[in-house]
Amino acid sequence: MVSIPDWSKFARLTGSPTKPPNYETKLEKIRQEKFYREAEEKGYLQTLSKNFLREHCIKDPERDTLRNIKLVKLVGVHLRDIIGIYTCKRLQICILHSNYISRFDALIACPELIKLDLNSNQISVLPGAEFWESLDQLRVLHLHNNSIGRLEHLQTLAHCPSLEALTLFDTPVSLKKAYRHHVVNSVWTLRALDMHVISDEEIIEDAAFGGPFTAMNSNFYIDLIPTTKKDSTFETEMKALMDVLGQISHIQARHSPVLIIQRYIRGYLARKRFRLIQDTRIWEIGRASCRERV
């Protein structure tokens, strides 16, 4: 009789060996840290110190101080660390894209921040919930073209109470399946994500309005990154910001079935109330005239 071999035992004996630790990733991280350290020593990378801020962000030293400046715009100046930003207590617009920034926790000291642009940096991990809770006035956040790769890292954004517009395209996390659905349903205050206003289909479960109300339709497209001059003023940047938020509201008003229905209901109730007031006035006028005749 021919014996039948036990293939399960054979598989255990010939199974693949234990996967070795990923030394290449660790070595790459060490090399990267060494590169940044040498670049800083040679002056290629900058640290956002108080002197650096005074030199680049204060136009009138006799009137302005670090504490009361409202705009910091430092684009492509090889910034690696922004620890000195904590002195800008009244900061409202912070534009630091195209640098080498990996951490921005120091911005927790800027509670009046409305817009934060950190695109094209070296960010892979976001700060915790406490950071975003402190920025209760932040409405626009640009994080596209960074190294953010895990959906779990985006959950802390749900603690930002006023966030309306967010960009995360050209990041590893934006390539993940159901990325947009995850972000939209995590950050409830969000109104626009990655150049498209969020549609009602993305918010309401199993909703399918179709036609011009379909998610990611061209009707929902919006440019969340308007270009401004390199030496633009705070007033110019604030106007561009308000224009973007105004466009979001305009698109929602025209292409959100929920808002359209609410608008018609409010109009109907207002007309009904006005008609009741008019009828009451006519009745009172008629009763007063009757009294005069008597």
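Below is a summary of the structure that appears in this document.

About the cut-offs
Residues numbered from 1 in each chain as written. Predicted model: local features only at pLDDT ≥ 70, side-chain atom pairs only at ≥ 80, totals over all residues. Heavy atoms only, no water. Pairing = 2+ DSSP bridges. Helix = DSSP H or I, 4+ residues; strand = E, 2+ residues; numbered from the N terminus. Contact = heavy atoms within 4.5 Å. Axes fitted to C-alpha atoms, helices over the stretch in contact; angles between N-to-C directions. Buried < 20%, exposed > 50% of the residue type's maximum accessible area, 1.4 Å probe, protein only. Arc of directions from axis to C-beta. Core = buried A, V, L, I, M, F, W, Y, C linked by side-chain atoms within 4.5 Å. Lys, Arg positive; Asp, Glu negative; His and termini not counted. Salt bridge = Lys/Arg side-chain N within 4 Å of Asp/Glu carboxyl O. Polar contact = N/O pair within 3.5 Å; in protein donor to acceptor, adjacent residues only side chain to side chain. Phe/Tyr/Trp six-rings, centres within 6.5 Å; stacked < 30°, edge-to-face > 60°.

Where strands meet in a sheet, backbone hydrogen bonds hold them as pairs that are either parallel or antiparallel. If you walk across this open sheet you meet the 7 strands as E2-E4-E5-E6-E7-E8-E9, and the pairing is mixed. Looking along the sheet, the strands with just one partner apiece sit at the ends: strand E2 (71–73) and strand E9 (196–197). Strand direction decides the pairing type here: strand E6 (residues 140–142) and strand E7 (residues 165–167), joined by 3 bridges, are parallel. From the neighbouring strand, Val140 faces E7, where its bridge partner is Ala165. Of the strands in this sheet, E2, strand E4 (93–95), strand E5 (115–117), E6, E7, strand E8 (192–193) and E9 touch helix H7 (residues 234–255), which is tilted by about 100° from E4.

Let us look at the side chain of Glu202. Mapped onto the fold, Glu202 is located in helix H6 (residues 200–203). Non-local contacts of Glu202, meaning those with residues more than four positions away in its chain, are made with Arg180, Val184, Asn185, Val197 and Ala215.

The subject of this paragraph is unusual backbone geometry. One non-glycine residue, Ser98, adopts positive backbone phi at about 60°. Checked against the element boundaries, Ser98 lands in the loop between E4 and E5. Of note in the backbone geometry, Met216 takes a positive phi value of approximately 65° without being a glycine. Considering the arrangement of structural elements, one finds Met216 in the loop between H6 and H7.

Time to look at the environment of Gln137. Locating Gln137 in the fold gives a position in the loop between helix H4 (129–134) and E6. C-alpha of Gln137 to C-alpha of Leu113: the two residues are 24 residues apart in sequence and 6.1 Å apart in space. When near neighbours in sequence (up to four residues on either side) are disregarded, Gln137 contacts Pro111, Glu112, Leu113, Ile114 and Ser162.

To continue, consider helix H3 (residues 50–57). Turning to H3, its buried residues number three or more, namely Phe52, Leu53 and Cys57. Considered in projection along H3, the buried side chains sweep an arc of 100° and stay on one side of the axis. Facing away from the buried side of H3 by over 90 degrees, the exposed positions are Asn51 and Glu55. Buried residues along H3 sit against strand E1 (46–47), E2 and strand E3 (79–81).

By size, the foremost hydrophobic cluster in this structure holds 48 residues, and its most contacted members are Val72, Phe104, Leu107, Trp132 and Leu154. Val140, Ala192, Phe234 and Leu241 belong to the second largest nonpolar core, which has 19 residues in total.

Relative to the assigned elements, Glu201 resides in helix H6. For the buried Glu201, no salt bridge is present, and the opposite-charge side chain at shortest range is Arg180, 10 Å distant. Within the structure, the side chain of Glu201 is placed 3.2 Å from the backbone nitrogen of Ala215, a separation counted as a polar contact. Leave out the neighbours within four places in its chain, and Glu201 touches Ala207, Ala208, Phe209, Gly210, Phe213, Thr214 and Ala215.

A word on the pattern of salt bridges. One pass over the full model with this rule turns up 8 salt bridges. A salt bridge links Glu152 to Arg150; the shortest N-O distance between them is 3.5 Å. Assessed through its relative accessible area of 48%, Arg150 is described here as partly exposed. Note that Glu164 is salt-bridged to Arg191, the shortest N-O span being 2.7 Å. With a gap of 27 residues between them, Glu164 in the loop between E6 and E7 and Arg191 in the loop between helix H5 (179–184) and E8 connect regions that are remote in the sequence. Each member of the pair, Glu164 together with Arg191, is buried.

Another point: the packing of aromatic side chains. Each aromatic ring pair is summarised here by two numbers: the centre-to-centre distance and the angle between the ring planes. Across all of its chains, the model carries 3 aromatic pairs by this definition. Measuring from centroid to centroid gives 5.6 Å for Phe104 and Phe131, while their planes differ by 80°, and the two rings are edge-to-face. Placement of Phe104 in the loop between E4 and E5 and of Phe131 in helix H4 is noted, with a sequence separation of 27 residues between them. A residue is classified by how much of its surface remains accessible, and Phe131, at 4% relative accessible area, is buried. Judged by centre distance (6.1 Å) and plane angle (65°), the rings of Phe104 and Trp132 are edge-to-face. Taken as a pair, Phe104 in the loop between E4 and E5 and Trp132 in helix H4 lie far apart in primary sequence, 28 residues in all. As far as burial versus exposure is concerned, Phe104 and Trp132 are alike and both buried. Each member of the aromatic cluster is reached from another via a ring pair, and the members are Phe104, Phe131 and Trp132.

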